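Notes for the structure review
This is what each chain is made of:
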Amino acid sequence: MEKINVSIGFDQRMWQQDIEGSRAHLAMLVAQGIVSGEDGEAIAKGLDQVERELAEGRFDFKAALEDIHMNVEARMTEIVGPAGGRLHTARSRNDQVATDFRLWVRNAADEVDAALTDLLAALIDQAEAHADVVMPGFTHLQSAQPVTFGHHMMAYAEMIQRDRGRFRDARKRMNESPLGAAALAGTSFPIDREATAKALGFDRPMRNSMDAVADRDHALEFLAAATICAVHLSRFAEEIVLWMTAQFRFVTLTDAFTTGSSIMPQKRNPDAAELVRAKPGRVLGAFTSLATMMKGLPLTYSKDMQEDKEPTFEAADSLMLAIAATTGMVRDLKPNRDKLAEAAGAGFSTATDLADWVVRVLGLPFRQAHHITGALVKMAEDKGCDLADLSLEEMQSVEAGITADIYRVLTPEASVTSRTSFGGTAPDNVRAAAAQARKDWL
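Because the structure is predicted, anything quoted here is derived from the model rather than measured.

**Focus on the overall build of the protein chain**
- Helix and strand content of the protein chain: 18 helices and six strands.
- In summary, the protein chain has a C-alpha radius of gyration of 30 Å against a globular reference of 22 Å for 442 residues, an excess of more than 25%.
- With respect to the principal axes defined by its C-alpha atoms, the protein chain has extents near 100 × 55 × 40 Å.
- Within the protein chain, buried positions represent 50% of all 442 residues.
- The long-range share in the protein chain, meaning contacts at least 24 apart out of those at least 6 apart in sequence, stands at 74%.
- Of the roughly 20500 Å² of accessible surface on the protein chain, a fraction of 53% belongs to carbon and sulfur atoms.

Structure (structure tokens):
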């Protein structure tokens, strides 16, 4: 029973939040005349000593006391004496743990936000530095149209900014205080929940005492946002893994973010990227675990809810590590400009530019232009050359109206430069988008 019931092995991570919540509760009890000033001062000093012991690693955690809340209170009462028992007046472990956990998740959301801000800055830096580096854009992992490396980096910047928005939205909803809900029905003591909410940085107290102790939406939202973010990081990591292969050679990473082989001396393995790619399993698993645990619980508190913390803690740790590793890789990677340019022209990537030219210059319907371009692509394939290598006479054999002007749009550089529509890949667009992102997001 002790082994399944005890939680001190993992909820001790919330010791700072527990002491913070206890101080706010104590100050309110004294202000409301529920606890005397003398006892309040003694309890406050006891909490200070407990905090020092915890911070210095001298605290003796006891499994018999089950959790961090009882461990802190018991040690404080040892120091203070019987007056220490007054701290729990008008409070239950139900609202206490709900408050501590909410404070912990809120702090985790703030840390993730700060880490994502660093990642955004790294992506924007890369976008600005390589706004005109031409590379292939893919659909179905097949060469589609030329884009720029900077544009590719800004695509991930957009994803990361949406992730920040999700964490910030979740934080707004979680920023209500459960403290004062007591076990589930509130309390008969004349407490001031507005005061404790304010002291803990919450916007307001939660409006319903039953919801206050039974709710874990804040953790579910955090984990949902973390899962989406981890997926974005994984997609970027997969690109790094592909780009570093001998078949691509699009980018290089230094030894800071790669490892060697125990047997093959030539290897430089993108292990950091591969591990980031693996993290969504842990994070999604945490969300699934918590959602599955909560789905069958009637109001209000059940001991099942003790299972909320371990997956949330692990997911937060995994996500923060993945963000840090990704930020490091973004700052460390160097695009191979020559290889990217070479690949940008492969696979008839400027075929759409040819079709657009036929529409724009010859005034033909796009579907007809598409047919003309398809015929020219087949001709080039049969000859084993690129579109730009076809002679004017060969092109005119398919469409007599084509002129030598067509060759101006058949290079990858000309293709990306022409994509000036809002959100397009033109280098000037990328520079403007990066500058606006730096202004708006950093």
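Now that the structure has been shown, we can carry on.
**Let's talk about the side chain of Arg91**
- Structurally, Arg91 is set in the loop between helix H5 (68-80) and helix H6 (93-129).
- Nearest to the buried, unbridged Arg91 among oppositely charged side chains is Glu73, at 4.5 Å.
- In this structure the side chain of Arg91 is engaged in a polar contact, spanning 3.1 Å, whose partner is the side chain of Ser22.
- Residue contacts for Arg91: discarding those within four places in its chain leaves Gly21, Ser22, His25, Glu73, Gln96 and Leu179.

**Describing helix H11 (residues 271-294)**
- Helix length check: H11, at 24 residues, gives a terminal C-alpha distance of 36 Å against a target of 34 Å (1.5 Å per residue), a fit within 8%.
- Of all the bends found along H11, the most pronounced is centred on Ala278 and spans about 25°, while Pro280, a proline, follows it within four residues.
- Along its buried surface, H11 packs onto helix H9 (209-214), helix H10 (217-243) and helix H12 (309-332).

**Comments concerning empty space enclosed by the protein**
- For the coordinates displayed, the defined rule picks out one cavity of 30 Å³ or more.
- A volume near 50 Å³ is recorded for the largest cavity.
- Lining the largest cavity, in full, are Leu119, Leu123, Tyr156, Ile160, His232, Leu233, Phe236 and Thr326.
- For the lining of the largest cavity, the elements supplying multiple residues, two or more each, are H6, helix H7 (149-174) and H10.
- Of all the elements, H10 adds the most residues to the lining of the largest cavity, at three residues.
- Taken together, the residues that form the lining of the largest cavity break down as six nonpolar, two polar and no charged.

**Focus: the pairing of strand E1 (residues 134-139)**
- Strand direction decides the pairing type here: E1 and strand E2 (residues 142-148), joined by six bridges, are antiparallel. From the neighbouring strand, Val134 faces E2, where its bridge partner is Thr148.
- Where E1 folds back on E2, the antiparallel hairpin that results is connected by two residues, among which His140 adopts a positive phi of roughly 60°.

**Description of helix H15 (residues 366-383)**
- Between its first and last C-alpha, H15 extends 25 Å over 18 residues, near the 26 Å set by a 1.5 Å rise per residue.
- When we look at burial in H15, the residues that qualify are Ala369, Ile372, Thr373, Leu376, Val377 and Ala380. Projected down its long axis, H15 shows its buried positions confined to an angular sector of 140°, all on one face. In H15, the exposed positions angled more than 90 degrees off the buried face are occupied by Arg367, His371 and Asp382.
- Looking at the buried side of H15, the elements it contacts are helix H14 (351-362) and helix H16 (392-396).
- After H15 finishes, the residue Gly384 shows a positive phi value of roughly 70°.

**Some words on the layout of surface pockets**
- Taken as a whole, the largest pocket spans an internal volume of roughly 330 Å³.
- In terms of lining residues, the largest pocket is bounded by 15 residues, among which Met154, Glu158, Gly423, Asn429 and Ala433 are the most central.
- Sorting elements by how many residues they give to the lining of the largest pocket places helix H18 (residues 427-441) first, with eight residues.
- Counted by class, the lining of the largest pocket contains eight nonpolar, five polar and two charged residues.

**Observations regarding the environment of Leu340**
- Position of Leu340 among the secondary structure elements: in helix H13 (residues 337-344).
- With relative accessibility at 0%, the residue Leu340 sits in the buried group.
- Note: C-alpha distance between Leu340 and Thr77 (263 residues apart in sequence) is 67 Å.
- Apart from the residues lying within four places of it in its own chain, the contact partners of Leu340 are Val133, Val134, Met135, Pro136, Phe149, Phe250 and Pro335.

**Here we look at unusual backbone geometry**
- A cis amide bond links Leu299 with the next residue in sequence, Thr300, at an omega value of 5°.
- Mapping Thr300 onto the fold places it in the loop between H11 and H12.
- Positive phi outside glycine occurs at Glu66, with the angle close to 75°.
- Here Glu66 is to be found in the loop between helix H4 (37-55) and H5.
- According to the relative accessible area criterion, Glu66 is partly exposed, its value standing at 23%.

**Overview of the pattern of salt bridges**
- In the structure shown here, the tally under the stated rule is 35 salt bridges.
- Between Arg75 and Glu53 there is a salt bridge, with its nearest N and O atoms 2.8 Å apart. Taken together, the positions of Arg75 in helix H5 and Glu53 in helix H4 put the pair 22 residues apart, joining distant regions of the chain.
- Here Asp356 and Arg419 are joined by a salt bridge, their closest N and O atoms 3.6 Å apart. On the criterion of sequence distance, the pair formed by Asp356 in helix H14 and Arg419 in the loop between helix H17 (412-418) and H18 is long-range, its members being 63 residues apart.

**Topic: the packing of H6 against H10**
- Following both chains from N to C, one finds H6 and H10 inclined at 25°, their axes separated by 11 Å at the closest point. Taken together, the axes of H6 and H10 are roughly parallel relative to one another. Classified by chirality, the crossing of H10 by H6 is left-handed. Residue-level contacts link Phe101, Arg102, Val105, Ala108, Ala109, Val112, Leu116, Leu119 and Leu123 of H6 to His218, Ala219, Phe222, Cys229, Leu233 and Phe236 of H10.
- The residue makeup of the contact of H6 with H10, split by class, is 13 nonpolar, one polar and one charged.

Conventions adopted
Residues numbered from 1 in each chain as written. Predicted model: local features only at pLDDT ≥ 70, side-chain atom pairs only at ≥ 80, totals over all residues. Heavy atoms only, no water. Helix = DSSP H or I, 4+ residues; strand = E, 2+ residues; numbered from the N terminus. Rg over C-alpha atoms; globule rule 2.2 N^0.38 Å. Buried < 20%, exposed > 50% of the residue type's maximum accessible area, 1.4 Å probe, protein only. Contact = heavy atoms within 4.5 Å. Areas by Shrake-Rupley, 256 points an atom, 1.4 Å probe, with all protein chains shown as cover. Lys, Arg positive; Asp, Glu negative; His and termini not counted. Salt bridge = Lys/Arg side-chain N within 4 Å of Asp/Glu carboxyl O. Polar contact = N/O pair within 3.5 Å; in protein donor to acceptor, adjacent residues only side chain to side chain. Expected span 1.5 Å × (residues − 1). Bend = angle between axes of the 7 residues up to and from the residue. 1 Å grid on protein atoms, 1.4 Å probe; cavity = no way out; pocket = protein on both sides within 12 Å on 5 of 7 lines; lining within 4 Å. Points joined across faces, edges and corners; volume = space filled by probe spheres on them. Nonpolar A, V, L, I, M, F, W, Y, C, P; charged D, E, K, R; others polar. Pairing = 2+ DSSP bridges. Arc of directions from axis to C-beta. Axes fitted to C-alpha atoms, helices over the stretch in contact; angles between N-to-C directions. Parallel < 35°, antiparallel > 145°, perpendicular 65-115°, else oblique. Left-handed = near helix turned anticlockwise from the far one by under 90°.

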